[in-house]
Amino acid sequence: MTASYERIGLIPHVNRNKSGIRDYTEEDCKWVEFIKCMRGAGLPIEVLIEYVTLFQQGDATIKVRKELLTEQRKLFIEKMKDMEKTLKRLDYKIANYEQAVVQTEKGLRSPTD
């Protein structure tokens, strides 16, 4: 997976040893961890490629990178709110099913129970 991350520009270039095998540094591993975290949060690949490209351009892009991450944070908060609504709806539906099971089980009991 990390090779494809590098190929499409999601992580900066990774050096290779004399045998041609990628030689990941601690910084490379931090990039992979960062990208995996951001992808897990739902950030689009295009946004992350833009971020990495800006990062590689140096400190002149700090403000733009911060704005990009700030915008993604806002979108993520909205997504979390939507997920919270969905969670509440699921809890409600599950509670209804649990109540239906209790009612069904009551109907299955014999009068002597």
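Residues numbered from 1 in each chain as written. Predicted model: local features only at pLDDT ≥ 70, side-chain atom pairs only at ≥ 80, totals over all residues. Heavy atoms only, no water.

**Student:** How should I be thinking about the nonpolar core in this particular structure?
**Tutor:** Generally speaking, soluble globular proteins have nonpolar side chains that are buried together. Among the nonpolar cores identified, the biggest contains 16 residues, and Ile11, Ile35 and Leu48 are the most heavily contacted of them. Element by element, the count of residues in this core is highest for helix α3 (residues 45–56), at five residues. Setting aside its immediate chain neighbours within four residues, Leu48 contacts Leu10, Ile35, Met38, Arg39 and Leu43. (Core = buried A, V, L, I, M, F, W, Y, C linked by side-chain atoms within 4.5 Å. Buried < 20%, exposed > 50% of the residue type's maximum accessible area, 1.4 Å probe, protein only. Helix = DSSP H or I, 4+ residues; strand = E, 2+ residues; numbered from the N terminus. Contact = heavy atoms within 4.5 Å.)

**Student:** Would you mind going over helix α4 (residues 62–108) with me for this structure?
**Tutor:** Since one α-helical turn is 3.6 residues long, residues separated by three or four positions face the same way. Over its 47 residues, α4 runs 67 Å from end to end, which matches the ideal 69 Å to within 8%, given 1.5 Å per residue. Residues of α4 that are buried: Arg65, Leu68 and Gln72. In this structure, the buried residues of α4 make contact with α3. (Expected span 1.5 Å × (residues − 1).)

**Student:** Can you walk me through the packing of aromatic side chains in this structure?
**Tutor:** Ring pairs (aromatic) are described by centroid distance and by the angle formed between their planes. In total, this model carries four aromatic pairs according to the counting rule given. Centroid distance Trp31 to Phe34: 5.9 Å. Interplanar angle 85°. Geometry classified as edge-to-face. One end of the pair, Trp31, and the other, Phe34, are both in helix α2 (residues 26–40), three residues apart, so they sit about a helical turn from each other. A relative accessible area of 24% places Phe34 in the partly exposed class. Where Phe34 meets Tyr51, the ring centres are 5.5 Å apart and the plane angle is 40°; that geometry is what we call tilted. On the criterion of sequence distance, the pair formed by Phe34 in helix α2 and Tyr51 in helix α3 is long-range, its members being 17 residues apart. Connected via pairs of aromatic rings, a cluster forms that spans Trp31, Phe34, Tyr51 and Phe55. (Phe/Tyr/Trp six-rings, centres within 6.5 Å; stacked < 30°, edge-to-face > 60°.)

**Student:** Help me out: how do you make sense of the environment of Ala95 in this one?
**Tutor:** Looking at the element boundaries, Ala95 is found in helix α4. Along the chain, Ala95 and Phe76 lie 19 residues apart, while their C-alpha atoms are 28 Å from each other.

**Student:** Would you mind showing me how to read the packing of α2 against α3 here?
**Tutor:** Where α2 contacts α3, the two axes come as close as 10 Å, and the packing angle between them is 150°. Overall, the two elements α2 and α3 adopt an arrangement that is roughly antiparallel. Handedness of the crossing formed by α2 with α3: right-handed. Contact with α2, carried on its side by Trp31, Phe34, Ile35, Met38 and Arg39, involves Ile45, Leu48, Tyr51, Val52 and Phe55 of α3 and no other residues of that element. (Axes fitted to C-alpha atoms, helices over the stretch in contact; angles between N-to-C directions. Parallel < 35°, antiparallel > 145°, perpendicular 65-115°, else oblique. Left-handed = near helix turned anticlockwise from the far one by under 90°.)

**Student:** Where do I start with the pattern of salt bridges in this structure?
**Tutor:** In the structure shown here, the tally under the stated rule is two salt bridges. In this structure, Glu26 engages Lys30 in a salt bridge whose closest nitrogen and oxygen atoms are separated by 3.7 Å. One end of the pair is Glu26 and the other is Lys30, both in helix α2 and four residues apart, which spans about a single turn. Overall, the relative accessible area of 52% leaves Lys30 in the exposed class. The shortest N-O distance in the salt bridge between Lys81 and Glu78 comes to 3.6 Å. With Lys81 and Glu78 both in helix α4 and three residues apart, this pair spans about one turn of that helix. (Salt bridge = Lys/Arg side-chain N within 4 Å of Asp/Glu carboxyl O.)

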